[in-house]
Structure formats: structure tokens, C-alpha cells
Amino acid sequence: MKKTVSRFFLYGWRTNLKAWFILPPRNMTKKETIAISKKNWSSEPVKTSLQPVQFNSPLSLQPVCRLFLFAIFFGSWHTVLGQSDWLTEAESYLYTDPEKTQNITDTQWPRLWQENQWEATLTALLYANETNYYHGRLGALKSGLSRQDSLMQLMGAGLDSVPDQLYYKVFGEFHRLGYYHRLGQHEKSRKVATHLLALLKDQPQETLATDYAEFITATYATLAVGFQDEFRYNKAETHLKEALRLHTQFNHDQGTLLNTQNLLAQLYARQQKWSASNRLLTQALDYYEAVGIDQFKNSFTSCAILLTENLYKQKQTALALMHLERWKPYIKSDYKYFGALQLQHAQILLESDAYDQALTLTEPLLQLENGNSQPWKLKAQAHNLLGDYYGRKRRYKTAQEHYLNAYTIENANNPAGYKQPWNFETLNKRSQTYTKQNTETAWDSIIALGHEAVRKMEYLQKIHQADGDKAILAQQVLPLLAQSITACHQKYMKQTDRKWLESAFYFSEKSRSNILLDALQRNRATTYAGVPHDLLEKEALLKRQLTEQETPAESTSSFETKRELDSLITQLEKSYPAYHKLKYDRNTQSLMQLQQKLRPGESVLYFMVTQNSVYGMGITLDEVSWQALGADGSEDPALSEFIGLLSDPNSDLEQIRILGNRIYQSYVAPVLPEESQRIIIIPDGRLQNLPFESLYHSEKEQYLLEKAPISYTHSATLFDQLQNNTAQTNAKTLVLAPSFTTADGFSPLAHNQREAETVTENFPGQVRAGNSASLTQFKLDASNYGIIHFATHAQVNDSVPDASFLALSPTEKTHRLFIQDLYNLRIPSQLVTLSACSTEQGKQIQGEGASSLARAFFYSGTQALVSTHWQINDRSTAQIMKGFYGALAQGMPKDEALFNARTQFLSTHKFDGYAHPYFWAPFVLKGNRQPIKNEGLPDYFWKYALAGLALGTLGMLYSKRFRNSSASSTL
């Protein structure tokens, strides 16, 4: 029996675990479910009329995990349990009416429990859990799982009488895995997965293959979707490949294997690994064609759409059109996803300047009936495409009418944008059309759209949990905010009214580091506010329900959920004000607020990079200057050339100075106040990779480094939070200085032991040198030290950011501290110094900056960070760090301490090879600039105090002797 059950379980689970195109499984009719439930099990699979159903809108990216055809799983137990009437009735409503299913099982299980029918009791509970999971009733699912756990515990020895008790345990953990996955609490889902797999570890391979293979492969696939949610792509890929390996080991059929392989294709597409994604999709499409499209129609259509989309994004429009023509015979006009494919065809034709053909395909989509999947969404997208068509014809008024129609349809059918921020695309299109009109009224309209987008974004940021969802949201909003900044600048150039400065600054702040700010607020809130766990879980549950609901206009369920969430937030505000303030009080820093926090002599260089321009603000306590600095920094070849020269110790110093002066005059001179004595730089776009200290002023014959102390931050809001963050106030120091040989794959670090001694000479603490600098020990130490210093190697992986790491002692099998590890650690240090190569570098994420090791430390709660732009020299680094920590020990602010250390180094080596910026320019300070603090008096205070006391005592003795001697002379 179990072998047959497993096949159907595999079919149900695999066709519905999708991080890409998701289609709700077609609800089984009562007739179908009864037919299935009455079917006697045999060695052959049960045949049903149901087709594998997988996908929803071709553009949906919301991960969903469901158990489908659950009724098949327990259909044969009608006879075994002798309760066919209630089982048949429960199954008939399992995927159509959760209330009725719940009522039936709630009526039955207490009776069955009283009669000591343990297996029937567990079956009733599993039916209830399944219907609640399937319908997204996560609160009821949580209660059901808790009830199941309690009853299984109360059964005691009676549980041994249940022949398939392990099935019930595994199935319960599987529902729990899905529960946490749906909540977006992926760390908890991973713990559940570990427990689930542990339940099966002692089972014979034959039993695993015949009875539990589907649980195992689906668990790995679920974990992969969770990792993808968190942008941990290498982990997601590893788990999907393991699932594929297990499919092969367990001899699963090709169709089942392709379901997981298609997930991998989507993952590759998300990383823009086009060739890998296209190869897997082509394999799947060839298979579906060979065996017959009808039984894989939804899988076939979704793969076709994704492959076409990949080709379109690669600008291979001719090839995309060729594939569409190839697939057209398989996709009939009466098929519910025909409209989605036709819309994509029209979009590609429009991009190929085949305007009339695009119009011919698009206009009929406005008449779609309910036979198509989500017709309102296709109608809205059709209006958007027609808006694009008329925009290219320069019929802007007609274009705006279509965009407005699309926006109206979207808001009417998806009022809060819960599932996906569809209408941001429409807002962007409206804004772009106004930009082309280039009139005073058009600029006002763009700014109004920008404010509307911010309001929607702020709401969605509160309810979305996963960083992946927030990143997708940011990608939707950023272009519109950039256009709003440009519109503000146009208004400012005509009116020079300060309100346009404030508006542009506001839009820029709203576009920066939202994921990082959310992480900081979330970590601080959950760590320090003391909110009960059940309230935190309820908050997460309601947010997940909102993001998963696809509510038609006439339904009120989404509004009820929203009211419940709002009520809970109000309760948190009253009962736990600290938590509410820390998590929800996102007061974006205004330009005026930033100015008020500056001191005389302090200047902020604030850059805004839009699609077509770079804007710079020079901000002091009393004044603000705003200038357009030229083309997009990412398109400035001088920047790339300059950074390449800096990172090469053998490059020509004179060439560096010439190019450095050109960049200084382009980006810095127009906005840097001459009287600046302390500089804070808030870069954007490509400028985030630029160490500004190395820019050169040819007339003054000095680097910017020599003018004033410099620090960096991602945004003014983040800067303000980090200045006020006092989570850790001890000055205990942890230094990690592992040893390496060439056999470890790294070059030896001859000076890192001396560097470690330099740190602890100024701040006594713990040195983990050689073999003691292990990954295991660091994870134990991480949260206990106010200062952490890494003197080691680092390796950056731009294509897979999570694979970037700091190298620790190679004596352990696992000795690399990856970015993904830092996301799961709490490191509330006052200062972390990454004295390793290229720790500031990483893949650029629009609006967030580089996905670097440095950023990951901020994510884990670090207040200030010294990191590096390129490979560093061991010897020069040791000298600079000696000066840096010596200045910190004297009570200097961090930026001034680094300034002193580097200017002294440059002065010492002005006429030798170490004068090259390669040796002193890679270091950057980000975050809190304040001096190192201690809860009590720091250790070095007592060192100096004792020394002072000794000197004072000697002075007193000398003075006394001197007075005695003088008195004797007088006598």
C-alpha cells in the first residue's frame, strides 16, 4: 500500500511546490474525491482524471508549498478504519470547503479518542491539518498540530498499536515544515526539516525508497525555496541538486524529476544565469513534447513562458518569437493560459517594433471572460501594453488613459497589493510617459506618483517578511523614485525652493538600504523588547496571510485580516511600546533633521544616481548645495579605470593623480564645502565602489584623505540609527589571527600575529591565534565582545554572494565564515575590523549596495565597521592598524583615529613605494563614528591611571626630599 501511496504523494507535492509559476490545484469535485476514496489499493497506481496542475500567472514569484491529492493518501483506510461515511464526507470537502472539513473532523476525533481508536483519531486530525494548510488557515493549522502532538503524547504505549505511527509522525512534521515555510520563518522550518529527516535516518534504504522518498525529496525542495527567499542562492542550488540526486537514487519518473529541475531553472533565471536556465527549460520542453503535451499542459506552458522571458531579457527577440511560433499549435485559444502566452507574444512584438502586430494580439485581451486564469490581471497587463504602444506613437494622452485603466483594474481586484506589487509597474509606466512630455505639469504629476508609490511601499514593507519579497518590491519602486528625484531637480532649477531639496532627499532615502534597515530594526526589536513568543508568531502569521491572499473585489477576507493585523499592532504599541517603536517606527531621516545633527565643520556629501544622471548634495549645518554632476556613474569609464589603477600596486602613481583629479573635479569639487573639517560620504550606484580618500586635488597637491577624516554610510536614516545604537558598550576585544600554509590554499600571513598584538596592546582581550581561531570558537565568542578584529584572508564571490567568506583556522573541516553564517549570528559589537582582502566588495543590489561581507556584519547588529576595497598588503596593514588602535585607545572618534593612522603612514612613506594608494586607500569606515565606549572604565584607563599614580607618587617623594634638602641648607 505505501508504495502506491508514495507515488500519489509525490504527484501531489511535487506539482505544487513552486517558487516560480504557481497555479492553485484545481479543486476536486465531490464525485472525483468519492471515486478516489472508494478505490481499492493495489500494486498499480490509482488512475484519476486529474491532471498535474502547477502554475498561476506567468509572472508570479510567490513561493507556495501545498499537499495535494491528500485524499488519495488515506483513501484505502476507509475499510481499515471502518468509518467510510465520515471519511468520504470529509474528503469531499477537503479542497473545497475547509469549514465543513474542520467541522466533520472536530465532531469525529473526540468520539474516536474516547473509543481508543487511535489510528482513526490521528487520521481525523491529519485531515483537519491538511485542509487548513491547503487553504492557508495557518492559525487553525497551528492549533491542529499542537492538538496532534498532545494526543500522541497522551496515547503513550497505545501509539505502538498504530501500524503506521511513523507515517503520522513524519506527516505531522511535514505539515509543521510547511507551516513555518509559509510564515517565512525559514530558520524554524530548517530545524523542523532536521527533525523530520532524523526520524527517518535509521530506516532501511529499501523502506526509504518505497515509503518515504517523497517526504525526503520534497523536504529538500522546500528548504531550497526558503533559501531562495533569503537570496542564499548557493544554498538553494545545493538543496535542489540534492533533491535531484535523490530522485535518481529512488528511481522517480522523469516527469517528477523535471518538476524539481524546473525549480532549478527558475533559480538560475533569477541569478541571470541564462544559459543554464535555458538548457534545463529546453530539456523539459523536449520531454513534454515527446511524451504528449496534454498530460503536462500547465508545466509545458509555464516552461515555455519562462524560456521566452529569458530570451527576451537577453535581447534575443528573434529567437523568442521563433519559439513562440513553434509552441503556438499546442496552446489552443480555449486554454485558460492562452491569454498569458499571447500577451507575452505581443510584448516581444512591440519590442521588435512590430507595432501593428502587437496591437492586433493585445486588443482582444481586453474582452477576456472568466474562462481565462485571473482575467482582470491579464486585462490590466493588456492596458499597460497598449499604453506602451501609444506612448511609442507619442500619443501620450491615450497612453495615460490605458495606464489609468490598468491601475484602476488592479486596485479594484487586488486592493492592497497583497500578493504582488502589480500596480507599481503601472505607476512606473505613467511616470515614464510624463517624463517624455517634459512639462511643468508633468513634473508635478511624477512627484505625486512618487508619493503614492512610497505610501504603498511602506505598507507592503510592514507585511512582507522575506528579504526576497522585499527585494522584488524594491526593484518595482526604485525606477519611479529615481524619476521623482529628477522631477524635483527640474522644479528646483526653476524655483530654487527648499521644498524640492527636501522632497528629493526624501525620495532618495526611501530608495536606500530598506532590507538592511528592516533587519536592524527587527533584530533590535526581538532582542530587547521582551514580547511573548505567541504574539510574535501571530504577527508573522497574519502578515503571511495578507501576502498570500488573492482576494477578489467582492470578498472581505483580506480586509478582515488587515483589521486583525492592525488591531494586533495597536495592542503591541500599547503593551510593548519598545518593540513597536523599534520595529515599526521607521522615521526616515529628513534633510533638515540631518542638518540639525551636524556640528560646525562637518559636511555630508550625498549622492543620488538615477538612470540618466548623478546628483550631488553638499550638506552642512547651515547650507545645502544641489548639483547635477553628469551622466550615470555606472557609465563613467573613468571610474572603472581609476579603481583598476588603485588596486594595482604596480600602476603609475602620476596617472592615478591625473585621473583622481579629474574625478575629484567632476564629483566632489562642485559640492564639497571648502571649510570641511570632517566628511561623511553617502554614495550611490557605482560611486559605492569608490574610495574617495584616494581622489587628488592637483592644485593643492594633496589627496582628499589629507583634508579631513572621512566615514561612509548607506543612507542618512541608517547613519542616524547606527549613531544611536548602543547595544554593546563593553570594550572587550577579540582578535582572530589564524595561521595558513600554501597547502591550505592561502598564502601565509607573516605579520598578522604582530597585528593581533598591536590591537591587544591598546585594548586588552582575547587573541585567537593559529589553530584556536576556529569557526566553532568564533560562533561561541561572537556576541560577547565590543571589538572584533579579523587578521585573515577573505574571498569574494561576485556571482554568488553567499559564497563569499572569511577564512579561519583550517584545522577544522568547516573553517569558512560565509555571509550566510553572519545572517544567523548576533554580533552587537561597537567595532568590527575586517583586516582582510576585498571585504567591501560584492554583487551590487540596486537600492541596497554591495552584498558584501561588510554589509552582512551590519545585518548581524554591528555598529561600526572597517573594511577593504581590494587585496591588502600584510605589512602596511599592520602599521596602519597599529596607528588606528593607538588613536582609539586615546579616546579619539573612529573616523579621526583612522584618519590619523593613514595620514601618519602616508607622511612616513611619502617618498617610497608605500606612498601608492594601493597600500593605504582600501580601508573604509562605515557606521558609528563615536569613540569606543565601556560600561565601566576601560582596561587601558587603569593602565594609564596606575602609571599616572606612580609618577605622582615619585613626584611627591622628590618634592618632599627637595623641601627637606632646602630646609637643611637654610639651617
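Residues numbered from 1 in each chain as written. Predicted model: local features only at pLDDT ≥ 70, side-chain atom pairs only at ≥ 80, totals over all residues. Heavy atoms only, no water.

K.L.:
Can you tell me about the overall build of the protein, naming the residues and giving the values?
P.N.:
For the protein, the helix and strand inventory stands at 40 helices and 18 strands. Sorting the 971 residues of the protein into buried and exposed places 60% on the buried side. Of the contacts made within the protein by residues no fewer than 6 positions apart, 75% connect residues no fewer than 24 positions apart. By element, 50% of the accessible surface of the protein is carried by carbon and sulfur atoms, the whole surface being about 38,700 Å². (Helix = DSSP H or I, 4+ residues; strand = E, 2+ residues; numbered from the N terminus. Buried < 20%, exposed > 50% of the residue type's maximum accessible area, 1.4 Å probe, protein only. Contact = heavy atoms within 4.5 Å. Areas by Shrake-Rupley, 256 points an atom, 1.4 Å probe, with all protein chains shown as cover.)

K.L.:
Could you give me a rundown of the nonpolar core, with the residues and numbers involved?
P.N.:
By size, the foremost hydrophobic cluster in this structure holds 105 residues, and its most contacted members are Leu200, Tyr212 and Tyr288. In this structure, Tyr667, Leu672, Leu704 and Val866 belong to the second largest nonpolar core, which totals 68 residues. (Core = buried A, V, L, I, M, F, W, Y, C linked by side-chain atoms within 4.5 Å.)

K.L.:
An account of the sheet that holds strand S13 (residues 816-818) is needed here, citing residue identities and associated values.
P.N.:
The 3 strands lie next to each other as S11-S12-S13, forming an open sheet whose pairing is antiparallel. The two strands at the open ends of the sheet, each matched to only one other strand, are strand S11 (794-795) and S13. (Pairing = 2+ DSSP bridges.)

K.L.:
Go over the environment of lysine 779 with me, naming the residues and quoting the values.
P.N.:
Its place among the elements puts lysine 779 in helix H34 (residues 775-781). When the C-alpha positions of lysine 779 and isoleucine 827 are compared, they lie 9.5 Å apart, and in sequence the two are 48 residues distant. The contacts of lysine 779, once residues within four sequence positions are left out, are Asp821 and Leu825.

K.L.:
Help me get a handle on the packing of aromatic side chains, residues and values and all.
P.N.:
Tallied over the full model, the rule gives 30 aromatic pairs. Centre to centre, the rings of tyrosine 167 and tyrosine 212 are 5.0 Å apart; their planes meet at 40°, and the pair counts as tilted. Of this pair, tyrosine 167 sits in helix H9 (residues 165-183) while tyrosine 212 sits in helix H11 (residues 205-229), and the two are 45 residues apart along the sequence. On the basis of an interplanar angle of 45° and a centroid distance of 5.6 Å, the ring pair of tyrosine 492 and tryptophan 626 is categorised as tilted. With a gap of 134 residues between them, tyrosine 492 in helix H23 (residues 467-495) and tryptophan 626 in strand S3 (residues 624-630) connect regions that are remote in the sequence. The ring of tyrosine 133 carries the charged tip of arginine 182 above its face, separated from the ring centre by 4.9 Å. Between lysine 732 and the ring centre of tyrosine 785, over which it is positioned, the NZ or CZ distance is 5.4 Å. (Phe/Tyr/Trp six-rings, centres within 6.5 Å; stacked < 30°, edge-to-face > 60°. Lys NZ or Arg CZ within 6 Å of the ring centre and 35° of its normal.)

K.L.:
Can you break down the packing of helix H19 (residues 375-392) against helix H20 (residues 396-413) residue by residue, with the values?
P.N.:
At a closest axis distance of 8 Å, the pairing of H19 and H20 adopts a crossing angle of 165°. Compared by their axis directions, H19 and H20 come out roughly antiparallel. Every pair of crossing elements has a handedness; the one defined by H19 and H20 is left-handed. Between H19, through Trp376, Lys379, Ala380, His383, Asn384, Leu386, Gly387, Asp388, Tyr390 and Gly391, and H20, the contact on the second element is made entirely by Tyr396, Thr398, Ala399, His402, Tyr403, Asn405, Ala406, Ile409, Glu410 and Asn413. Its residues assigned to classes, the contact of H19 with H20 comprises 9 nonpolar, 8 polar and 3 charged. (Axes fitted to C-alpha atoms, helices over the stretch in contact; angles between N-to-C directions. Parallel < 35°, antiparallel > 145°, perpendicular 65-115°, else oblique. Left-handed = near helix turned anticlockwise from the far one by under 90°. Nonpolar A, V, L, I, M, F, W, Y, C, P; charged D, E, K, R; others polar.)

K.L.:
For the pattern of salt bridges, give the residues involved together with the corresponding values.
P.N.:
Between side chains of opposite charge, pairing is possible as soon as their charged atoms come close. As enumerated under the stated definition, the model contains 23 salt bridges in all. In this structure, the salt-bridge partner of arginine 137 is glutamate 99, at a minimum N-O distance of 3.0 Å. Here arginine 137, found in the loop between helix H7 (118-134) and helix H8 (138-155), pairs with glutamate 99, found in helix H6 (residues 98-114); they are 38 residues apart in sequence, far enough to count as distant. With a shortest N-O distance of 2.6 Å, glutamate 440 and lysine 491 are connected by a salt bridge. Of this pair, glutamate 440 sits in helix H22 (residues 440-463) while lysine 491 sits in helix H23, placing them 51 residues apart in sequence. Owing to a relative accessible area of 30%, glutamate 440 belongs among the partly exposed residues under this scheme. Taken together, the shared-partner salt bridges in this structure form one network comprising Glu440, Asp444, Lys491 and Lys494. (Salt bridge = Lys/Arg side-chain N within 4 Å of Asp/Glu carboxyl O.)

K.L.:
Break down the packing of helix H10 (residues 186-200) against H11 for me, citing the residues and quoting the values.
P.N.:
Running from N to C, H10 and H11 point in directions that differ by 165°, and their axes come no closer than 10 Å. Here H10 is positioned roughly antiparallel relative to H11, judged by the angle of their axes. The two elements H10 and H11 cross, and the hand of that crossing is left-handed. Residues His186, Ser189, Arg190, Ala193, Leu196, Leu197 and Leu200 of H10 lie in contact with H11, whose contacting residues are Leu208, Tyr212, Ile216, Thr219, Tyr220, Leu223, Gly226, Phe227 and Asp229.

K.L.:
With reference to specific residues and values, describe unusual backbone geometry.
P.N.:
A positive phi angle is found at threonine 496, which is not glycine, with a value near 45°. Assignment of secondary structure puts threonine 496 in the loop between H23 and helix H24 (498-510). Using a relative accessible area of 58% as the deciding quantity, one classes threonine 496 as exposed. Positive phi, normally seen in glycine, also occurs at glutamate 701, with a value near 55°. According to the relative accessible area criterion, glutamate 701 is exposed, its value standing at 60%.

K.L.:
Any chance you could break down the environment of histidine 175 for me, citing the residues and the numbers?
P.N.:
For histidine 175, the position within the fold is in helix H9. Residue histidine 175 is classed as buried on the basis of its relative accessible area, which comes to 1%. Sequence spacing of histidine 175 and asparagine 129 is 46 residues, and the spatial spacing of their C-alpha atoms is 7.4 Å. Within the structure, histidine 175 has its side chain in polar contact with the side chain of glutamate 130 (distance 3.1 Å). (Polar contact = N/O pair within 3.5 Å; in protein donor to acceptor, adjacent residues only side chain to side chain.)

K.L.:
Break down the pairing of strand S4 (residues 678-682) for me, citing the residues and quoting the values.
P.N.:
Across the 5 residues of S4, 5 count as buried, placing the element largely inside the fold. The alternating pattern of S4 places Arg678, Ile680 and Ile682 on one face and Ile679 and Ile681 on the opposite face, and all of these are buried. Pairing between strand S1 (residues 602-609) and S4: 5 bridges, direction parallel. From the neighbouring strand, leucine 605 faces S4, where its bridge partner is isoleucine 681. Bridge count between S4 and strand S7 (residues 710-712): 3 bridges; the pairing is parallel. Its bridge partner lying in S7, isoleucine 679 is registered against isoleucine 710.

K.L.:
So what about H11? Which residues, and what values?
P.N.:
Of all bends in H11, the biggest is about 80°, found at tyrosine 212. Burial of H11 is extensive: 19 of the 25 residues sit out of reach of the surface. (Bend = angle between axes of the 7 residues up to and from the residue.)

K.L.:
Go over helix H18 (residues 355-362), please, and point to the residues and values.
P.N.:
Looking at H18, one finds that the buried residues are Ala358, Leu359 and Thr362. Viewed along the axis of H18, the buried residues span an arc of 100°, placing them on a single side of the element. Facing away from the buried side of H18 by over 90 degrees, the exposed positions are Asp356 and Thr360. Contacts from the buried residues of H18 go to helix H17 (338-351) and H19. (Arc of directions from axis to C-beta.)

K.L.:
Before we move on, could you go through the confidence of the model for the protein and cite the residues and values that matter?
P.N.:
Segments scoring low in pLDDT should not have their predicted coordinates read at a detailed level. Chain-level pLDDT for the protein is 76 on average; 71% of the residues reach the 70-or-more range. With pLDDT under 50 throughout, residues 415-421 is counted as low confidence; its partners more than four residues away or in other chains account for 29 contacts. (pLDDT = per-residue confidence, 0-100.)

K.L.:
Requested: an account of the pairing of S3, with residues and values cited.
P.N.:
Sheet topology note: the strand S2 (residues 614-619)/S3 ladder contains 6 bridges and is antiparallel. Directly across from valine 614, in S3, lies its bridge partner glycine 630. In textbook terms, the turn of a hairpin is the stretch between consecutive antiparallel strands, and for S2 and S3 this stretch comprises 4 residues.

K.L.:
Go over the environment of asparagine 771, please, and point to the residues and values.
P.N.:
With respect to the element layout, asparagine 771 can be found in the loop between strand S9 (765-769) and H34. Residue classification places asparagine 771 among the exposed residues on the basis of a relative accessible area of 56%. For the pair asparagine 771 and proline 810, spaced 39 residues apart in sequence, the C-alpha to C-alpha distance is 7.5 Å. What asparagine 771 contacts, discounting residues up to four positions off in sequence, is Ser809 and Thr811.

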